[in-house]
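Structure assessment
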Amino acid sequence: MAPPLLEIRNLTVAFDTPAGRVHAVNDLSYTLNEGETLGVVGESGSGKSVHVLAMLGLLPSPPAKILSGEVLFQGRDLLKLPEAQLRELRGGQIGMVFQDPMSSLNPVLTVGRQLREVIERHSDLRGAKAEARATELLDLVGIPNPGARLKQYPHEFSGGMRQRVMIAIGLSCNPKLLIADEATTALDVTVQAQILDLVRDLKDRLGTTVIWITHDMGVVAELADTIQVMYGGRIMERGPVRAVFRQPHSAYTWGLLRSLPDEGARAQRRLYQIPGAPPDMANPPAGDPFAPRNPYATDRCRTEVPPLRPASPVPGHMVAAWYDLPARLAAEAAHG
Amino acid sequence: MAEPLLEVRNLIRTYGGNRSLLGGARPVLHAVNDISFHVAAGETLGLVGESGSGKSTAGRVTLQLEPADGGSVRFAGQEITGLSPRQLKPVRRQMQMIFQDPYAALNPRMRVGSFVAEPLVVHGEDAHKDRIADLFRIVGLDPAFMTRYPHEFSGGQRQRICIARAIALKPSFIVADEPITALDVSIQAQIVNLFQDLQDQLGLAYLFIAHDLSMVRYLCQRVAVMLRGRIVETASVEQIFSNPQHPYTRSLLDAIPVPDPDRPRRKRLAFDVASNIPPREAVMAEIAPGHFVLQP
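Along each chain, residues carry numbers from 1 onward, in the same order as the chain's sequence is written. Throughout, the order in which chains and ligands are written sets their labels, letters from A for the former and numbers from 1 for the latter. A pLDDT threshold of at least 70 governs which residues receive local features in this predicted model, and a stricter bar of 80 or more applies before side-chain atom pairs are shown or counted, although totals over entire chains, interfaces and linings include all residues. Where side-chain values are given, they derive from all heavy atoms of the structure, hydrogens and water being excluded.

**What about the side chain of Arg-164 of chain A?**
- Looking at the element boundaries, Arg-164 of chain A is found in helix 7 (residues 159-171).
- Working rule for contacts: check all heavy atoms of both residues, and any pair within 4.5 Å makes them a contact. When residues no more than four places from it in sequence are discounted, the contact partners of Arg-164 of chain A are Val-141, Gly-142, Ile-143, Val-191, Gln-194 and Ile-195 of chain A. A helix here means a DSSP run of H or I that spans at least four residues, while a strand means a run of E at least two residues long, and both kinds are numbered starting from the N terminus.

**Examining the sheet that holds strand 1 (residues 6-17) of chain A**
Residues and elements named next belong to chain A.
- With antiparallel pairing, four strands are arranged side by side in an open sheet as 2-1-4-5. Edge strands, defined here as strands with exactly one partner in the open sheet, are strand 2 (20-32) and strand 5 (76-77).
- The convention used is that axes are lines fitted to C-alpha atoms, helices contributing only their stretch in contact, and that angles between N-to-C directions extend from 0 to 180 degrees. On the sheet, helix 1 (residues 48-55) packs against strand 1, strand 2 and strand 4 (64-73) and is oriented at approximately 105 degrees with respect to strand 1. DSSP-based pairing: two strands are paired if at least 2 bridges between them are found.

**A closer look at the packing of helix 4 (residues 112-122) of chain B against helix 6 (residues 155-167) of chain B**
Residue and element names in this part refer to chain B.
- Put simply, helix 4 and helix 6 touch, their axes get as near as 7 Å, and they point 30 degrees apart. In this view, helix 4 runs roughly parallel relative to helix 6, as classed from their interaxial angle. Between helix 4 and helix 6 lies a crossing whose hand is right-handed. Residues Val-112, Phe-115, Val-116, Glu-118 and Pro-119 of helix 4 form the contact with helix 6, whose participating residues are Ile-161, Cys-162, Ala-164 and Arg-165.
- Polar here means any residue other than Ala, Val, Leu, Ile, Met, Phe, Trp, Tyr, Cys and Pro, which are nonpolar, and Asp, Glu, Lys and Arg, which are charged; Gly is therefore polar. In terms of residue class, the contact of helix 4 with helix 6 is built from seven nonpolar, no polar and two charged. Here the angle decides the label: under 35 degrees means roughly parallel, over 145 means roughly antiparallel, 65 to 115 means roughly perpendicular, and every other value means oblique. Left-handed describes a crossing in which the near helix is turned anticlockwise from the far one by less than a right angle; the clockwise case is right-handed.

**Concerning the domain arrangement of chain A**
All names here are of chain A.
- Delimitation of the domains relies on an automatic or database domain assignment. Splitting chain A by domain gives domain 1 (1-84 + 225-261 + 274-336) and domain 2 (91-212).
- Listed per partner, the contact involves 22 residues of domain 1 and 16 residues of domain 2.
- Note on definitions: buried area is the accessible-area loss of two parts on being combined, 1.4 Å probe, summed for both. Buried surface at the junction of domain 1 and domain 2, summed over both partners, amounts to about 1500 Å²; 64% is from carbon and sulfur atoms.
- On the domain 1 side of the interface with domain 2, the three residues burying the most area are Thr-37, Leu-56 and Phe-73, jointly 27% of the side's total.
- Any Lys or Arg side-chain nitrogen found within 4 Å of a carboxyl oxygen on Asp or Glu counts as a salt bridge. On inspection of domain 1 and its partner domain 2, the count reaches two salt bridges.
- Measuring nitrogen to oxygen at the nearest pair gives 3.7 Å for the salt bridge that ties Glu-182 to Lys-48.
- Of all the elements in the fold, those that place two or more residues in the side of domain 1 that touches domain 2 are strand 2, strand 3 (37-41) and helix 1.
- No other element matches helix 1, which puts five residues into the side of domain 1 that touches domain 2.
- Here the side of domain 1 that touches domain 2 is built from residues that sort into 13 nonpolar, six polar and three charged.

**Comments concerning the interface of chain B and chain A**
- Residue-level contacts link 42 residues of chain B with 40 residues of chain A.
- The three residues of chain B that bury the most area against chain A are Val-185, Tyr-218 and Pro-261 of chain B, which together make up 18% of that side's buried surface.
- Applying the counting rule to chain B against chain A returns five salt bridges.
- For this analysis, a polar contact is any N or O atom pair within 3.5 Å, provided that within protein one partner can donate a hydrogen and the other can accept it, and provided that sequence-adjacent residues contribute only side-chain to side-chain pairs. For the pair chain B and chain A, the number of links is 17 residue pairs in polar contact (both at pLDDT 80 or more).
- If you list the elements that add at least two residues to the side of chain B that touches chain A, you get helix 7 (185-202), helix 8 (213-219), helix 9 (237-242) and helix 10 (247-255) of chain B.
- Broken down by element, the side of chain B that touches chain A gets its largest block of residues, eleven residues, from helix 7 of chain B.
- Its residues assigned to classes, the side of chain B that touches chain A comprises 17 nonpolar, eleven polar and 14 charged.

Structure follows, in structure tokens:
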């Protein structure tokens, strides 16, 4: 079997704050195979954004501190790479798209100039060839009249169009790995749908490996092969999208899926709601971080962090839980 | 039929125009362009559209937080456009607004109890601690939190505080402008359930402004779809979902990411807003009882 494209081993990231040390990512390990699309789901304090920023060397230190771990990309540990080499990778082999396209683009440079800069930095294309590639990219992400648009400044683009520019920049050098953090969250749903189509298309044509960070279970279902549900800086559940959606083994995953507004909820005029609020990472709960909100938590959940273990016979389906959720749910159903 | 609680007719709101300080002509933008809708007592109407469609402006003009440039807003049988601030004050008790960002809506230097009590004080009502404590309980907050400051609360708790303030004067109508968009996913269901509980307990009517249809389907009885300042379709939730007529409504429905990995994926048809701006002469036609579509 081919070695994984990305392997994260025991990554722990903390922030030093006036209130003390806050652990944002706790002993995180996972692998990503070439061509795989990983959908990372989580909310405030889940560590979903911090872990990718950490592995790309984009966290300011201080206050951030990588306490331990390795991030092997094609066998090289990104955490040990000199900044110059890391910069070569970012925007080259690793494309990135973040949520806020307004603050990621330079307002005083034309969009074409910014695209060309990335292309010239990471490829042999120069001058007219770089320009042609920039035009091609804008066309690829569905921006009409790309030649003329290259001469415009970011403020002349709508939010959706700017985000497409960011995606064009992220894709400009045919990255092996595309990392998108809430890249479509601020966009209109119709634009989001087009961008999801576009990314699916790129995966099919170029075999791009993708990490797509989102809070939207629908987006994960549409795009990802593997889902990774994070909470309190840890993986709560991970596995093939179908297996996890069909039978979640973490009470958090189960709660997220159950709280979606479906037909049954409309009939009952009630959504399932996960009680409580996301953890205060400055004072994280002991044990399983989701235990205080979990109706199925056991005493052990409140004291001891559960390791990731195989959840079901489906290969790669893992859960971090001391309780047996399907058994508990079945018992509940049997008792009416 | 009895008159609805809120009746908006041919509402217009423009920005820009020949009002520049230096006398230069600025183009007129019709943010809200001749829209009509109504909300019955105790009902929830979803107002859906993309950013820039005019949906938030429509909400603010409905509450007269911005003046209308044309058309009428009748609330509880009374025309409220053109009223003076003094005349509006008693009407304002009845209509409140909840915003998207509960971080920006709260005053960071005001204790949250005082923030909730403020509308009562402004309207010369009893703002005794017990009454504020009741409001805290209704929205699911511990009354002991009254003396705390906003930074001590999570996003979901802040939105509850904003809701407590909005219901303090026992309004009959609330405009909620994307009230769950900025909240964590595990908190969104809590706030949506609170909206429904309050509607059941207090008989509230809502104008629920949203950019996607999935929560609207769950929460609303009727939907109005806005595109570039116009309403292009309005119908019951059932009609909109089973028989959408306007191509823009169809593209919005098509765009909802479905949390079901077994559903086959297909490429969606792109809807180009820029080339589908509703023509000025377009009018609404009723194609089925209560189902109106903008005809080109």
